[in-house]
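# Descriptive analysis of the structure
Okay, here's what each chain looks like letter by letter:
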Amino acid sequence: MINPHRYCVIMCGGIGSRFWPYSRTNLPKQFIDFLGTGRTLLQMSYDRVTAFIRPENIIVVTNELYAALVKEQLPELTDAQILCEPARRNTAPCIAWAAYHIKAIDPEASIIVTPSDHLITRESIFVESIIRGFEFVETNDALLTLGITPTRPETGYGYIQIGAQAGEGINEVKTFTEKPDIELARVFLSSGEFFWNSGIFLWHLSSIIKAIREYMPDVARAFETSTAMGTADEDRFIKETFPAFSAISIDFAVMEKAPNVFVECVSFGWNDLGTWSALYDNSPRNRDANVAQNCNLISYNSTGNILAVRNPDKLVVIDGLHDYIIADAGDVLLICPKAEEQRIKQMVNDTKLAHGDKYL
């Protein structure tokens with residue numbers, strides 16, 4: 001039987017600019033079926049938590065621009081289960097609003113917070129890990145994050161250093177380190193003490209509310225002096241108040257400051273699908289190690305490429321390309337070496353300067 005006091009908050013407001021031009025402001029990556037499964041990343045995120053969360057206890061927090069997309073892709077949700085941010089303020093204000101929203105519904109709640117754009121390949125192990133995490137936060141005053149066993153010296157992820165053991169597979173957190181350089185990442189990998197920061201969190205409502213009061217007092221004061229939460233005035237209150245909150249991640253605002261932070265070390269086939277290379281690594285490849293997403297491909301002397309095309313009827317012919325990203329969004333064609341994909345954000349900024357929002 002599913003515990004009726006367990007809730008899931010799916011964060012679904014990002015733009016996914018590192019997947020430009022395929023991921024755009026009007027259709028970010030979480031709403032795209034990147035893997036050709038028939039389900040988008042958002043829908044897959046919803047599907048996997050229904051094993052341990054009642055559907056009526058799933059809440060999606062998104063930007064108001066995407067409310068219609070969320071409703072279209074998750075028709076099971078009621079309007080009350082979709083929280084629409086009037087402005088992008090990163091994860092800390094998003095999580096604070098969700099916490100106070102749930103508090104008005106169920107003060108005894110425990111919560112998992114998860115991004116909408118992650119890939120989990122070993123879902124049975126994921127379910128076991130989350131249930132273990134819920135049991136820990138429901139019996140301890142703890143802010144729990146999931147740490148992923150690293151497989152390479154990755155510079156694009158944050159790292160968590162583990163401390164003393166606190167339970168089965170759960171340890172105290174010693175330090176957080178954001179996106180180290182390659183030399184430090186190699187040290188982290190060889191030490192065995194560091195895990196990737198997944199951005200997936202579990203906590204009892206009382207624990208996260210206490211932390212918000214301590215480390216985000218302005219935000220806590222705004223919610224606690226209002227009588228709008230859980231009423232018909234909640235949307236109006238959010239429209240008036242939310243844009244004034246500082247844009248800050250929950251990691252910087254709370255997790256790196258609180259003394260009661262723990263990590264559950266897990267290995268369930270996790271990838272945040274944050275880059276084209278990550279999508280390449282998690283997609284089927286042909287005999288030349290090329291990945292063709294939504295297109296027909298003929299290649300000559302070309303290996304290690306990823307091609308993504310909006311038009312499934314388009315034929316792409318390449319010759320002499322190795323380890324490239326080729327993304328055709330109709331009005332924008334990107335051709336970029338995979339080794340240079342960190343420059344895509346700069347390309348997006350340059351495009352905005354040259355053409356405004358036309359191609360974003």
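Numbering of residues starts from 1 in each chain and follows the order in which that chain's sequence is written. Selection of residues for local features in this predicted model requires a pLDDT of at least 70, selection of side-chain atom pairs for listing and counting requires 80 or more, and totals for whole chains, interfaces and linings are taken over all residues. Side-chain descriptors were evaluated using all non-hydrogen atoms of the structure, hydrogens and water having been removed beforehand.

## Points about the packing of helix H3 (residues 91–105) against helix H7 (residues 217–224)
To get an axis, fit a line to the C-alpha atoms, keeping to the stretch in contact for a helix; angles then go from 0 to 180 degrees between the N-to-C directions. Note on conventions: DSSP H or I runs of at least 4 residues are helices, E runs of at least 2 residues are strands, and numbering of each starts at the N terminus. Between H3 and H7, whose axes approach to 11 Å, the crossing angle comes to 30°. For H3 against H7, the interelement crossing comes out right-handed. Seen from H3, the contacting residues are Ala96, Trp97 and Tyr100; seen from H7, they are Val219, Ala220, Phe223 and Glu224. Under this grouping Gly is polar, as are all residues other than the nonpolar Ala, Val, Leu, Ile, Met, Phe, Trp, Tyr, Cys and Pro and the charged Asp, Glu, Lys and Arg. Tallied by class, the residues present in the contact of H3 with H7 amount to six nonpolar, no polar and one charged. Two helices that cross are described as forming a left-handed crossing if the nearer one is turned anticlockwise from the farther one by less than a right angle, and a right-handed crossing if clockwise. In this analysis, two residues are considered to be in contact whenever any of their non-hydrogen atoms come within 4.5 Å of each other.

## Section: the packing of aromatic side chains
Pairing of aromatic side chains requires ring centres within 6.5 Å, counting the rings of Phe and Tyr and the six-membered ring of Trp. Pairs whose planes differ by under 30 degrees are stacked, by over 60 edge-to-face, and all others tilted. Under the defined criterion, the tally for this structure stands at 21 aromatic pairs. For the ring pair tyrosine 22 and tryptophan 276, a centre distance of 6.1 Å and an interplane angle of 70° mean the geometry is edge-to-face. Of the two residues, tyrosine 22 sits in the loop between strand S1 (6–11) and helix H1 (41–49) while tryptophan 276 sits in helix H10 (residues 276–281), which places them 254 residues apart along the sequence. Only protein chains enter the accessibility calculation, which uses a 1.4 Å probe. A residue is then buried if its area is under 20% of the maximum for its type, exposed if over 50%, and partly exposed in between. Judged by its relative accessible area of 1%, tryptophan 276 is buried.

## A short note on the nonpolar core
Leu143, Trp203 and Phe223 are the most contacted members of the largest nonpolar core, which has 49 residues in total. Here this core gets nine residues from one element, more than from any other, and that element is H3. Residues contacting tryptophan 203, with those up to four places away along its chain left out, are Ile95, Ser110, Ile111, Val113, Val137, Ala142, Leu143, Ile208, Ile250 and Met255. Counting residues in hydrophobic clusters, the runner-up holds 42 residues, among them Phe52, Ile120, Leu202 and Phe262. Residues enter a nonpolar core if they are buried and are Ala, Val, Leu, Ile, Met, Phe, Trp, Tyr or Cys, with the set joined through side-chain atoms within 4.5 Å.

## What about the pattern of salt bridges?
Here, a salt bridge means any side-chain nitrogen of Lys or Arg that lies within 4 Å of a carboxyl oxygen of Asp or Glu. With the rule as written, the count across this model stands at 17 salt bridges. Note that arginine 48 is salt-bridged to glutamate 123, the shortest N-O span being 3.7 Å. Of this pair, arginine 48 sits in helix H1 while glutamate 123 is found in helix H4 (residues 123–137), placing the two residues 75 residues apart along the sequence. The class of arginine 48 is buried, set by a relative accessible area of 4%. The exposure class assigned to glutamate 123 is partly exposed, which follows from its relative accessible area of 34%.

## Considerations on a nonpolar patch on the surface
Residues with no salt bridge and a relative accessible area higher than 30% make up the patches, which join like charges within 9 Å and nonpolar side chains (Val, Leu, Ile, Met, Phe, Trp, Tyr) within 5 Å. The accessible surface values rely on the Shrake-Rupley method and a 1.4 Å probe; as for residues, cover is taken only from the protein chains in view. Nonpolar side chains collect at one region of the surface, where Ile298, Tyr300, Leu315 and Val317 lie side by side and expose about 380 Å² of accessible area between them. Looking at the nonpolar patch, the elements with two or more residues in it are strand S13 (296–300) and strand S15 (315–319).

## Focus: the pairing of strand S2 (residues 58–63)
Burial analysis of S2 places six of its six residues in the buried class, which makes it a mostly covered element. Two strands are said to pair when DSSP picks up at least two bridges between them. Sheet topology note: the S1/S2 ladder contains four bridges and is parallel. The residue bridging valine 9 from the neighbouring strand is isoleucine 59, located in S2. Clockwise travel from the first strand over the helix to the second, with the strands pointing away from the viewer, marks a crossover as right-handed. For the crossover from S1 across H1 to S2, the handedness is right-handed.

## Observations regarding the sheet that holds strand S12 (residues 291–293)
With mixed pairing, the four strands of this open sheet are ordered in space as S12-S14-S16-S17. With partners counted over all chains shown, the strands left at the sheet margins are S12 and strand S17 (333–337), one partner each. Averaged over all pairs of adjacent strands, the angle between their axes in this sheet comes to 5°, without regard to strand direction. By the bridge criterion, three bridges tie S12 to strand S14 (residues 306–309) in an arrangement that is parallel. Of the residues in S14, the one forming a bridge with glutamine 293 is alanine 308.

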